[in-house]
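Analysis of the macromolecular model
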Amino acid sequence: MQLKSLHNFFQNGLIGYYPKEEINAFFYRICEQHFDYKRIDVHLKSETLISAETFEYFETLISRLLTYEPIQYILGTTSFFGLEFKVDDNVLIPRPETEELVAWILKQTDSSQALKILDIGTGSGCIAISLAKHLPNAMVYALDVSPAALKIAQHNAQHNAVQLKCIEADILEWTTAAHAFDIIVSNPPYVREREKERMAPNVLEHEPHLALFVENDNPLIFYKAIVGLSKINLKKEGFVYFEINEYLGEDTKALFSSTDFDDLQLKTDIFGKHRMIRATKR
Ligand SMILES: C[S@@+](CC[C@H](N)C(=O)[O-])C[C@H]1O[C@@H](n2cnc3c(N)ncnc32)[C@H](O)[C@@H]1O
């Protein structure tokens, strides 16, 4: 079989489950990882002969994609902020909106300073590692309750040649002496159980619920805990940055008391949705 026939076989196997453009995007991505072919090579080398093992590999990929398993988990990697990250079903797949959060922090941070930064709910380590990469003088701490996630974050730190200090802890119970961080950042779980019905099966059935969901009647539980610990563990004029639930922008803002924080900035995305917030410690 030639590569072009494999391409047809792959498309036919997934049509009806995904839009055609997405199927092609999967195919190009797999070819890049498996053959080291760029998109153009897939067409220029369309007559390449495919081995029986490769064909079987593609059959396996199709059957996994038919269950809506995310392509990032199947291939084991994703990219975030121009860096490569290992991912598996112990960690959330990093999202583009989180890249915006990292870009916002970097825009407002002096990269020459020796900062102390804490990323809470680090997952794959995407926020912590991207910050460490662009802030070479910073000491970056990455906290998560999941040991499996921290193992991946540590792997990703090594892969991207940065240092991370990993902390395994439950943020809802973490009691610590004053740490004096310059920046505390978090993209904590914030999807209410009742928002589940709007979620796609690739997220709902494959990504870790520990990373996603909060109870309907206490959706800001993580934000409350982090604002509380920021009062003690953030330096004067240090910053808290959050990615937030787009429906709870004003409620999240209200958690920051004016006695402890000022200069609150709620940031919207291009669709006018509340996506992130920053507060400065008094
Ligand atoms: C929305 S994910 C964010 C992952 C990553 N920072 C990102 O932006 O892609 C939330 C993370 O919080 C972690 N988490 C959930 N409950 C926690 C808790 N009680 N204490 C600490 N981390 C927790 C999850 O394991 C998960 O990695």
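Residues numbered from 1 in each chain as written. Predicted model: local features only at pLDDT ≥ 70, side-chain atom pairs only at ≥ 80, totals over all residues. Heavy atoms only, no water.

Side note on the overall build of the chain
- Along its length, the chain carries 12 helices and 11 strands.
- Principal-axis analysis of the C-alpha atoms places the extent of the chain at approximately 70 × 40 × 35 Å.
- Residues counted as buried form 49% of the 282 residues belonging to the chain.
- Counting only carbon and sulfur atoms, one obtains 50% of the accessible surface of the chain, whose full area is about 13800 Å².
- Taken together, the 29 basic and 39 acidic charged side chains of the chain have centroids lying 5 Å from each other. (Helix = DSSP H or I, 4+ residues; strand = E, 2+ residues; numbered from the N terminus. Buried < 20%, exposed > 50% of the residue type's maximum accessible area, 1.4 Å probe, protein only. Areas by Shrake-Rupley, 256 points an atom, 1.4 Å probe, with all protein chains shown as cover. Lys, Arg positive; Asp, Glu negative; His and termini not counted. Charge placed at Lys NZ, Arg CZ, Asp CG, Glu CD.)

Some thoughts on the sheet that holds strand S4 (residues 139–144)
- Taken in spatial order, the 7 strands make up an open sheet running S5-S4-S3-S6-S9-S11-S10, and their pairing is mixed. Edge positions in the sheet fall to strand S5 (165–168) and strand S10 (261–268), since each of these pairs with one other strand and no more. Neighbouring strand axes in the sheet, compared pairwise and without regard to direction, differ in orientation by 15° on average.
- Pairing of strand S6 (residues 181–186) with strand S9 (residues 234–243), which is carried by 5 bridges, proceeds in the parallel orientation. In the strand pairing of S9, Phe-181 is matched with Leu-234. (Pairing = 2+ DSSP bridges. Axes fitted to C-alpha atoms, helices over the stretch in contact; angles between N-to-C directions.)

Let's talk about the site of the ligand
- Inspection of the region around the ligand gives 20 residues, with Gly-121, Asp-144, Asp-170, Ile-171 and Asn-187 positioned closest.
- The side chain of Asp-144 places a nitrogen or oxygen atom 2.7 Å from an oxygen atom of the ligand.
- Within the contact set of the ligand, an oxygen atom lies 2.8 Å away from a side-chain nitrogen or oxygen of Asn-187.
- Of all elements in the fold, only helix H7 (126–134), S4 and helix H10 (209–212) reach the threshold of two or more residues within the shell around the ligand.
- Among the residues making up the shell around the ligand, the classes are represented as 13 nonpolar, 5 polar and 2 charged. (Near = heavy atom within 4 Å. Polar contact = N/O pair within 3.5 Å; in protein donor to acceptor, adjacent residues only side chain to side chain. Nonpolar A, V, L, I, M, F, W, Y, C, P; charged D, E, K, R; others polar.)

Focus on the domain arrangement of the chain
- Looking at the assigned domains, one finds that the chain contains domain 1 (3–66) and domain 2 (80–281).
- A separation of 35 Å is found between the C-alpha centroids of domain 1 and domain 2. (Domains from an automatic or database assignment.)

Comments concerning the side chain of Thr-78
- In this structure, Thr-78 sits in strand S1 (residues 77–80).
- For Thr-78, a relative accessible area of 8% gives the class buried.
- Ignoring anything within four residues of it in the chain, the contact list for Thr-78 reads Arg-29, Gln-72, Leu-83, Glu-84, Phe-85, Val-87, Ile-93 and Pro-94. (Contact = heavy atoms within 4.5 Å.)

A look at the pairing of S9
- With 7 of its 10 residues buried, S9 lies for the most part within the structure.
- By the bridge criterion, 5 bridges tie S9 to strand S11 (residues 274–281) in an arrangement that is antiparallel. Among the inter-strand pairings, Phe-242 is bridged to a residue of S11, identified as Ile-277.

Quick word on the environment of Phe-261
- Residue position: Phe-261 is located in strand S10.
- Placed 113 residues apart in sequence, Phe-261 and Ala-148 show a C-alpha to C-alpha distance of 34 Å.
- Not counting chain neighbours up to four residues away, the residues in contact with Phe-261 comprise Val-227, Ser-230, Lys-231, Leu-234, Val-240, Phe-256, Ala-279, Thr-280, Lys-281 and Arg-282.

Thoughts on the packing of aromatic side chains
- Inspection of the entire model under this criterion finds 18 aromatic pairs.
- Ring centres of Phe-27 and Phe-58 lie 5.7 Å apart, and the angle between their planes is 55°; this geometry places the pair in the tilted category. Of this pair, Phe-27 sits in helix H2 (residues 20–35) while Phe-58 sits in helix H4 (residues 52–66), and the two are 31 residues apart along the sequence.
- Under the relative-accessibility criterion, Phe-27 is labelled buried at 0%.
- For Phe-58, a relative accessible area of 0% translates into the label buried.
- Judged by centre distance (6.4 Å) and plane angle (35°), the ring pair of Phe-80 and Phe-81 falls under tilted.
- Judged by its relative accessible area of 0%, Phe-80 is buried.
- By way of ring pairs, the aromatic residues Phe-10, Phe-27, Phe-35, Tyr-37, Tyr-57 and Phe-58 are connected into one cluster.
- A cation over an aromatic ring shows up here: Lys-116 above the ring of Phe-181, its NZ or CZ 5.3 Å from the ring centre. (Phe/Tyr/Trp six-rings, centres within 6.5 Å; stacked < 30°, edge-to-face > 60°. Lys NZ or Arg CZ within 6 Å of the ring centre and 35° of its normal.)

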